[in-house]
Amino acid sequence: MPSTSTSTPGSSTPRRSPAWRGFLAGTVSLDDDASSLVGDGLATCALAFDEADTRRARSIILATDNLVLGPSVYTLPEAGRLAADRGITVHGLYASLTDAGSAAARAEMEQVVTAGGGLFFEAGDPGAVDGIIADIDAHQAVDLGAAPEVVVTDRPDRWYGWLVGALAVLLVAMWRLRA
């Protein structure tokens, strides 16, 4: 496979870069400075809910491979406890191929999600979406305790008869003016 030669910043030593690097841009991080901070992402979501004093259902769906790259402020277990302390249920979709360290990452994510009362699924599980939606619906219906209120804001049938009549009058008037 062809490769290109680049030099690392601050170094005069050239580094070989595969030609497929551009093909993977935006899908896989190939930079040494890249990061994937799963715990920080979950903590940010947990802290972003407004009206913390209001009693209502709160859920986060966390889809990740749980492979951390770079130094983080929150680990996944710390972020999971933060979410649980704030009354937030975290559901997990584990999305990883078999990578080095993926078994431990999967086990950690499953433990954090289930310890907080959430459901844990593999991303390829056909029942994942239905299971998560059913669980969220069940908790929100119980927590909110309110019946849905249907509000109709657009009723075009009211004016339809009037518009047809006005169009008929306009056509008759135009016909009479031409004659």
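Described below are features of the structure shown in this document. The shown structure was predicted, so the numbers you read here are calculated from the model rather than taken from an experiment. As a convention, each chain's residues are numbered from 1 in the sequence order in which they are written. Per-residue local features of the predicted model are confined to residues with pLDDT of at least 70, and side-chain atom pairs are confined, for both listing and counting, to 80 or more; whole-chain, interface and lining totals are unaffected and use all residues. For the side-chain quantities, the full set of heavy atoms in the structure was used; hydrogens and water were omitted.

Okay, the packing of helix α3 (residues 76-85) against helix α4 (residues 102-115) next. Running from N to C, α3 and α4 point in directions that differ by 10°, and their axes come no closer than 9 Å. As far as their axial angle goes, α4 and α3 are roughly parallel. For α3 against α4, the interelement crossing comes out right-handed. From α3, L76, P77 and G80 reach across to α4, where they touch E108, M109 and V112. Amino acid classes used here: Ala, Val, Leu, Ile, Met, Phe, Trp, Tyr, Cys and Pro are nonpolar; Asp, Glu, Lys and Arg are charged; the rest, including Gly, are polar. The residue inventory of the contact of α3 with α4, partitioned by class, reads 4 nonpolar, 1 polar and 1 charged. Axes here refer to lines fitted to C-alpha atoms; in helices the fit is confined to the stretch in contact. Angles between the N-to-C directions go from 0 to 180 degrees. Strands are runs of DSSP state E lasting at least two residues, helices are runs of H or I lasting at least four, and both sets are numbered from the N terminus onward. Note on terminology: angles under 35 degrees are roughly parallel, angles over 145 are roughly antiparallel, angles of 65 to 115 are roughly perpendicular, and the others are oblique. Helix crossings are classified by the rotation of the near helix relative to the far one: an anticlockwise turn of less than a right angle makes the crossing left-handed, while a clockwise turn makes it right-handed. The contact criterion used throughout is that any non-hydrogen atoms of two residues lie within 4.5 Å.

Here we come to the pattern of salt bridges. Any carboxyl oxygen of Asp or Glu that lies within 4 Å of a side-chain nitrogen of Lys or Arg is treated as forming a salt bridge with it. Applying the stated criterion to the full structure yields 2 salt bridges. The salt bridge partner of E110 is R106, with a shortest N-O separation of 2.7 Å. Of this pair, E110 and R106 both sit in helix α4, separated by 4 residues, roughly a single helical turn. Burial classification: accessible surface area is computed with a 1.4 Å probe over protein chains only, and a residue below 20% of its type maximum counts as buried, one above 50% as exposed, and the rest as partly exposed. We classify E110 as partly exposed; its relative accessible area is 30%. By relative accessible area, R106 is classed as partly exposed at 27%. A salt bridge links R106 to E122; the nearest nitrogen and oxygen atoms lie 2.4 Å apart. Here R106 is found in helix α4, whereas its partner E122 is found in strand β5 (residues 120-122), with 16 residues between them in sequence. According to the relative accessible area criterion, E122 is partly exposed, its value standing at 32%. Linked through salt bridges whose partners overlap, the residues forming this network are R106, E110 and E122.

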